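Structural overview
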Amino acid sequence: MSKVILTVDDSASMRQMVRFTLSEEGYTVIEAADGREALAKLPAPLHLVITDLNMPNMDGIGLIRSIRANAACRGVPIVMLTTESQEARKQEGRSAGATGWIVKPFTRQQLVAVVKRLIG
Amino acid sequence: MSDRLRQAFDEEARELLGELEGALLELDQNREDAEIVGRAFRALHTIKGSGAMFGFDNIATFTHDLETVFDRLRSGQLAASSELINLTLSAGDQIRAMLDEASGRGRADEQRCAALLAELRSLTGMTERSGAEPPPDRVKAVEAGLARRWRIHFLPGPEIILNGTNPLLLLRELRELGELEVALDASGIPPLSEIDPERCYVAWDLTLTTAAPPEAIRDVFIFVEDHCDLAIEPVPGQAAAEREADERRPSPGRSGGARASASGVASSIRVSAEKLDQLVNLVGELVTVQARLSELSAKRDDADVLAVSEEVDRLTAALRENSMSIRMLPLRGTFERFRRLVHDLGGELHKQVELALEGADTELDKTVIDQLNDPLIHLIRNSMDHGIETAEERRAAGKPATATIRLSALHSGAQVLIRVSDDGRGLDAQAVRARAIERGLIEPTAQLSEAELFSLILEPGFSTAREVTDVSGRGVGMDVVRRNVEALRGSLDIASKPGEGMTVTLRLPLTLAIIDGLLVRIGEMHFILPLASSLECVELTAQDIGNAHGSRIAMVRGETVPYIRLSEYLRLGTPRPEREQIMVMETEEGHYGLVVDEVLGNHQTVIKNLGRLYRHVQTVSGATILGNGTVALILDPHRLVRGAIQAAQDRKCGGRHKRPAPGKNTQETVEFNAFTRKENSIHVT
């Protein structure tokens, strides 16, 4: 069975890009537009979450905290999407429990490499 | 990048620009509203981020500075001004123009881009940013440079798994960089009662041989750097020349063994057989003591004692395997010796006989091999003398003048099958019958199957040869063979077709000392079943019993398996428990189930002989001492099943033949019961 990845981003094109790239690698990708929608949609099983940090309603940090507090999926790897200018936000995400990060802009190869590193 | 994705970005960016405009206009009315600044920032952030990803580098570069400005607005470092708002609105128009250009509609003015940026900088006092370097491509790095060896100590923090990192995947990624030797440091694992399954307690010592730069190695650990102890250092003393030599040599782990054998160290030494016997005896005692230790430590529930006990258990099993394998010898030596015998006998009897060997490399315990010599000589002699015809007779029967005796050996579970077959005249069932009646072995009215008739030639004082010859025929051969084989806890089978020859199959245990057994319980008694013949264990459900309508057949994975309820068959008189288990055994008669109360588990079984008094007990091949000092009987599933089939047939025949078949059921169970009563009393007192 293919592994399930939840991509959380308020940018539809970003989600589409993630879905497009990872579907080609054989993963099942589910989309959510912000942290709140992601929490409502949390699929089971869930193997990886890729989340942007800046989102309306609930941002990435809030989402990471909520997932880590959720007994059903608290050990799931979480990748946050950051930018060069967001060093402080990245640290915040890490202390909230993010597993890894990708600095935007990134190539599709970089995305796939990080996903493989975390869930094989 | 696919057009579909570019299209998606185009649409989204226009939407975001609309949002940006709206936010900017609101901001003009309400300069202090952080929420509005946030909206504008997010729009710019997304345009920049996605733009770079979808190949709109010019848009990304252009938007970068705008984003930075709004980030500073957001954090209060800058205040919104009408100049800034107007400038951003123009910048939005410029982005739109760039989008148009990308989709082939019109051209964007690059000069205007630069002008807008310059204006923005002068307005906010920012300096020109240095372009962000794309992260180095690891794959390229691997290709360059010479392979070096790195020692990596990786101690993940305990919360690493909770944070979603699977350390094994990191090791796998390292392996992609080069040759990786992995050693696990499990010393940090606490006793079972203190283990939190969500925490990581282990560390790894890794040796990586790779051409990749150290940054590439560090990059693998980049997500966990802050949550682990990580030391990456080159293996010392690696001059360039040495490194090259290293590449030509096999890896250090393997080279040790290779060197040893190349220089001829791994030769053999001669040890007296007694010393080996002593060794095996000691190992047997050790296994028995180990069983006691396991039992005690399981009762104590002390993690430290349990750890030691498990360690000793592993070592004992390894020691056992090792010392048993020392005693294993191929049968070839014994087999080859018979060539001479066949040659000499052929001359004596004026018969042309060839000896064919099969499976001579099959290994068997030395003790068994030693005691196998005599029975095999008897069997070969018997074949040459009685079975094989003279050359003239063979020609007349349309067979090749040269007869063949085939000696073969093969493994079957924990047993070895040795077959002596000839292509002679075979056994004449009627002659055997007549002879047996004449000798008073059976009643004239007895109804016997062919196999039973053939087994009569193993009875003492039976010989079908009309004349006594020098070679065989005194009627002592075959019963001696049977005695010898049974002394080895083996069994003997005869198959024959008149005119085509006869095959005698010896079924021998691999070893006489220690076997892997399965400990089962029936009532208060324990029994051992040989693990090598055990296939699987299933529950005997009330439904199975109901479905079978009184016949003793269970369905196991769609296969019908007849079963024997041991407590009844062995007349143990134990009450039937609520739940029973069937051990499905592989026997000569096919798959049969043995019903027991409970299967307790693996047991290294040191085989003790039962003594002369119990030599008629066919279903028990020995006894062993359990951890608590009690005795468990070792059951022989082949004989058990065969005995049960025989008993069923006897019931069908209604006892029409009176001959007490050798070692048959009635007689046996009486003695068996005598034994079990005794055994019971041993461990009751």
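In this numbering scheme, every chain counts its residues from 1 along its sequence in written order. Here every chain gets a letter starting at A, and every ligand a number starting at 1, in the order they are written. Confidence filtering applies because this is a predicted model: local features only for residues at pLDDT of at least 70, side-chain atom pairs given and counted only at 80 or more, and all residues used for totals across whole chains, interfaces and linings.

**Describing the overall build of chain B**
Check the secondary structure of chain B and you find 23 helices and 21 strands. Buried means a residue has 20 or more other C-beta atoms within 10 Å of its own C-beta, exposed means 12 or fewer, and partly exposed covers the counts in between; C-beta atoms are placed from the backbone. By residue count, 32% of the 685 residues in chain B fall in the buried class. Residues are defined as contacting one another if the C-beta atoms placed from their backbone atoms lie within 7 Å. At a minimum sequence separation of 6, the contacts of chain B that also span at least 24 residues come to 70%. The way it works is that DSSP assigns letters per residue, a run of H or I at least four long becomes a helix, a run of E at least two long becomes a strand, and they are numbered from the N terminus.

**Details of the overall build of chain A**
On a plain count of helices and strands, chain A comes out with five helices and five strands. Secondary structure elements in chain A, listed N-terminal to C-terminal, are β-α-β-α-β-α-β-α-β-α. The burial tally for chain A puts 47% of its 120 residues in the buried class. Taking all contacts inside chain A whose residues are at least 6 apart in sequence as the whole, residues at least 24 apart take part in 58%.

**Focus: the pairing of strand S18 (residues 590-596) of chain B**
Residues and elements named next belong to chain B. Of all seven residues in S18, five are buried; the element is thus mostly enclosed. Note: strand S16 (residues 559-565) against S18, three bridges, orientation parallel. Paired with Arg 565 across the strands is Val 595, a residue of S18. For two strands to be treated as a pair, DSSP must find no fewer than two bridges joining them. Note that strand S17 (residues 580-587) and S18 share seven bridges and pair antiparallel. Residue pairing across strands places Thr 587 opposite Gly 590, the latter belonging to S18. Counted along the chain from S17 to the antiparallel partner S18, the turn is two residues long.

**Here we look at the interface of chain A and chain B**
By a frequent convention, interface size equals the accessible area lost on bringing the separate parts together. Opposite the 27 residues of chain A that make contact, chain B presents 27 residues. Taken together, the elements giving at least two residues each to the side of chain A that touches chain B come down to helix H1 (12-24), strand S4 (78-83), strand S5 (100-104) and helix H5 (108-119) of chain A. The greatest single-element share of the side of chain A that touches chain B, amounting to six residues, is contributed by H1 of chain A. The nonpolar class holds Ala, Val, Leu, Ile, Met, Phe, Trp, Tyr, Cys and Pro. Asp, Glu, Lys and Arg form the charged class, and all remaining residues, Gly among them, are polar. When its residues are assigned to classes, the side of chain A that touches chain B shows 10 nonpolar, 11 polar and six charged.

**Comments concerning the packing of helix H3 (residues 60-69) of chain A against helix H4 (residues 87-96) of chain A**
Residues and elements named next belong to chain A. Interaxial angles span 0 to 180 degrees and are taken between N-to-C directions of axes, which are lines fitted to C-alpha atoms, for helices over the stretch in contact. At their nearest, the axes of H3 and H4 sit 9 Å apart, and the two run at 10° to each other. Relative to H4, the element H3 lies roughly parallel. Mapping the contact onto sequence places Gly 60, Ile 61, Ile 64, Arg 65 and Arg 68 in H3 and Glu 92, Gly 93 and Ala 96 in H4. When the residues that make up the contact of H3 with H4 are grouped by side-chain class, the tally is three nonpolar, two polar and three charged. Orientation categories follow fixed angle ranges, with anything under 35 degrees roughly parallel, anything over 145 roughly antiparallel, 65 to 115 roughly perpendicular, and all other angles oblique.

**Here's the deal with the sheet that holds S17 of chain B**
Residue and element names in this part refer to chain B. Strand order across the open sheet formed by five strands is S14-S17-S18-S16-S15, with mixed pairing between neighbours. Looking at the sheet topology across the chains shown, the edges are occupied by strand S14 (534-540) and strand S15 (553-556). If you compare each strand with its neighbour and ignore which way they point, the axes differ by 35° on average.

**Looking at the sheet that holds S4 of chain A**
All names here are of chain A. With parallel pairing, the five strands of this open sheet are ordered in space as S2-S1-S3-S4-S5. For this open sheet the edge positions go to strand S2 (28-32) and S5, each flanked by a neighbour on one side alone. Strand-to-strand, the axes of this sheet are offset by a mean angle of 20°, without reference to chain direction. Both strand S3 (residues 48-52) and S4 contribute to a ladder of four bridges, which runs parallel. Bridging across to S4, Ile 50 finds its partner in Val 79.

**Some points on helix H15 (residues 373-387) of chain B**
Helix span, as expected, comes to 1.5 Å for every residue beyond the first. Counted at 1.5 Å a residue, the expected span for H15 of chain B with its 15 residues is 21 Å, and the 20 Å between its end C-alpha atoms agrees. For H15 of chain B, the tally of buried residues reaches 11 of 15 residues, placing the bulk of the element in the interior.

**With respect to the environment of Leu 456 of chain B**
Residue and element names in this part refer to chain B. For Leu 456, the position within the fold is in the loop between helix H18 (450-455) and helix H19 (477-487). The spatial distance from the C-alpha of Leu 456 to the C-alpha of Ala 436 is 7.2 Å, given a sequence separation of 20 residues. Setting aside residues up to four positions removed in sequence, Leu 456 forms contacts with Val 432, Ala 436, Leu 441 and Phe 462.

**Considerations on the environment of Ala 429 of chain B**
By the element assignment, Ala 429 of chain B lies in helix H17 (residues 429-438). In this structure, Ala 429 of chain B is in contact with Glu 450 and Leu 453 of chain B, ignoring residues within four places of it in sequence.

**Thoughts on the confidence of the model for chain A**
A score from 0 to 100, pLDDT tells how confident the predictor is in each residue. Residues with a pLDDT of 70 or more make up 98% of chain A, whose mean pLDDT is 87. When pLDDT is averaged over each helix and strand of chain A, the minimum, 84, is found for H4 of chain A and the maximum, 93, for strand S1 (residues 4-8) of chain A.

**Brief notes about the packing of helix H1 (residues 3-29) of chain B against helix H2 (residues 34-53) of chain B**
Residue and element names in this part refer to chain B. At a closest axis distance of 9 Å, the pairing of H1 and H2 adopts a crossing angle of 155°. Between H1 and H2, the angle falls in the class roughly antiparallel. The two elements H1 and H2 meet at a crossing, and its hand is left-handed. Contacts between H1 and H2 involve Phe 9, Glu 12, Ala 13, Leu 16, Glu 19, Leu 20, Ala 23, Leu 24, Glu 26 and Leu 27 on the former and, on the latter, Ile 36, Val 37, Arg 39, Ala 40, Ala 43, Leu 44, Thr 46, Ile 47 and Ser 50. When its residues are assigned to classes, the contact of H1 with H2 shows 13 nonpolar, two polar and four charged. Two helices crossing with the near one rotated counterclockwise from the far one by less than a right angle form a left-handed crossing, whereas a clockwise rotation gives a right-handed crossing.

**Observations regarding unusual backbone geometry**
Of note, the phi angle at Asn 57 of chain A is positive, near 65°, even though the residue is not glycine. Mapped onto the elements of the fold, Asn 57 of chain A is located in the loop between S3 and H3. Phi at Arg 571 of chain B is positive, roughly 50°, even though this residue is not glycine. Counting through the fold element by element, Arg 571 of chain B comes out in the loop between helix H21 (566-569) and S17.

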